[in-house]
Amino acid sequence: MNKRTQQREQTRIEILTAAEHIYAVHGFIRPSTQMVAKEAGVAHGTVFLHFQSQEKLILAVIENLGQSLTSQIHESSVPGHSLNEVLQTYLTAIEANESLYTHLIMELPQLPKEAQQTVIGIQSVIAHHLDQVMSQLKKEKKIKDLSFPFLFNTWIGLIHYYLMNRRLFAPHGSVLAVYKDQLIANFITLLEVDCT
Amino acid sequence: MKQCIACGMPMRKVDDYPLGDTTKNYCKYCARANGSMQSYDEKLASMTEFIIRTQGLDAHVAQKSAAFMISKLPAWKRGSDD
Ligand SMILES: [Zn+2]
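Fair warning: this is a prediction, and the values are worked out from it, not measured in the lab.

Chemist: Would you mind showing me how to read the nonpolar core here?
Modeler: Across soluble globular proteins, you tend to see nonpolar side chains buried next to one another. All names here are of chain A. Of all hydrophobic cores here, the largest spans 83 residues; its most connected members are Tyr23, Tyr90, Leu130 and Trp155. Broken down by element, the residue count for this core peaks at eleven residues, all from helix α7 (residues 113-139). When we break this core down by domain, the ones giving at least three residues each are domain 1 (1-51) and domain 2 (53-191). Excluding residues that lie within four positions of it along the chain, leucine 130 makes contacts with Leu83, Val86, Leu87, Phe148, Phe152 and Trp155.

Chemist: Please explain the interface of chain B and chain A as it appears in this structure.
Modeler: It is common to report an interface's size as the accessible area lost on association of the parts. Counting residues at the interface gives 21 residues for chain B, matched by 21 residues for chain A. Between chain B and chain A lies a buried interface of about 1700 Å² when both sides are counted; carbon and sulfur atoms form 60% of it. When residues of chain B are sorted by the area they lose upon contact with chain A, Arg12, Gln55 and Phe68 of chain B head the list and together hold 34% of the total. Where chain B packs against chain A, one counts two salt bridges. At the boundary of chain B and chain A, one finds eight residue pairs in polar contact (both at pLDDT 80 or more). It is helix α1 (residues 40-55) of chain B that contributes the most residues to the side of chain B that touches chain A, six residues altogether. When the residues that make up the side of chain B that touches chain A are grouped by side-chain class, the tally is eleven nonpolar, five polar and five charged.

Chemist: Would you explain the UniProt feature "transmembrane region" (unreviewed entry) in chain A in this entry?
Modeler: According to UniProt, the feature "transmembrane region" (unreviewed entry) maps to residues 146-164 of chain A in the numbering used here. Within the segment residues 146-164 of chain A, helix and strand shares are 89% and 0% respectively, and the terminal C-alpha atoms sit 26 Å apart.

Thresholds applied
- Residues numbered from 1 in each chain as written.
- Chains lettered and ligands numbered in written order.
- Predicted model: local features only at pLDDT ≥ 70, side-chain atom pairs only at ≥ 80, totals over all residues.
- Heavy atoms only, no water.
- Core = buried A, V, L, I, M, F, W, Y, C linked by side-chain atoms within 4.5 Å.
- Buried < 20%, exposed > 50% of the residue type's maximum accessible area, 1.4 Å probe, protein only.
- Helix = DSSP H or I, 4+ residues; strand = E, 2+ residues; numbered from the N terminus.
- Domains from an automatic or database assignment.
- Contact = heavy atoms within 4.5 Å.
- Buried area = accessible area lost by both parts, 1.4 Å probe.
- Salt bridge = Lys/Arg side-chain N within 4 Å of Asp/Glu carboxyl O.
- Polar contact = N/O pair within 3.5 Å; in protein donor to acceptor, adjacent residues only side chain to side chain.
- Nonpolar A, V, L, I, M, F, W, Y, C, P; charged D, E, K, R; others polar.
- UniProt positions renumbered as here; feature names shortened; annotations may be inferred.

Structure (structure tokens):
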């Protein structure tokens with residue numbers, strides 16, 4: 001890589017990082033590209049040199065988020081993980097990007113369809129790991145015999161509900177920092193077959 | 001650690017590889033019964049089926065999403081991206 005391409009790549013990363021910060025605070029829809037340029041310390045035109053349009057910039061940030069979440073989930077998933085550990089891995093990854101992820105799911109209807117597809121991609125990775133541990137537990141008759149999509153959507157719906165209503169549950173900070181452990185524990189209790 | 005070029009899954013154990021062949025750069029889920037790599041159409045069909053089976057999505061939505069995910073992976077990246 002020569003010096004000029006290196007410089008160019010560096011500026012691209014700075015704009016992306018600035019956009020991530022802005023979107024994490026204000027959401028994807030409201031902020032202008034001018035705000036992003038200011039945060040990155042570059043001229044307004046430079047943003048378009050690298051990303052052509054506001055939509056492309058938004059999608060680049062979302063794609064980055066998707067990649068970082070899926071690689072975190074994949075990397076910390078080891079074979080033989082318990083159900084608790086798989087759920088923990090998922091929530092830890094989300095928690096590290098909580099505000100950006102929350103804005104993403106809340107603004108999905110207004111965002112380009114690629115944003116929705118990225119969310120389905122993130123969900124597919126967690127579904128893959130959950131499917132492996134849950135089908136084993138089902139075989140051993142340790143969890144209730146409910147359909148996988150029902151269990152999966154119940155879990156995602158629960159998490160998204162807490163994230164989207166953060167102001168009601170944790171007005172001063174991260175909702176997952178406060179509720180992560182009890183959501184996991186209660187969800188597992190809900191699934192467990194009563195052995196008594 | 002290698003990552004499957006066709007679906008992105010990390011491959012840690014011998015068991016993750018097709019027929020235990022660790023020289024391959026795709027995983028057992030992306031292989032046919034004989035160990036060769038699935039074609040684009042086969043991968044699209046199996047990923048669509050996986051999304052429907054695990055997330056319960058509409059078949060058309062699932063297929064569109066699978067095509068989008070696959071387009072981001074090294075094995076299937078279109079020329080426009082580089
Ligand atoms: Zn694969």
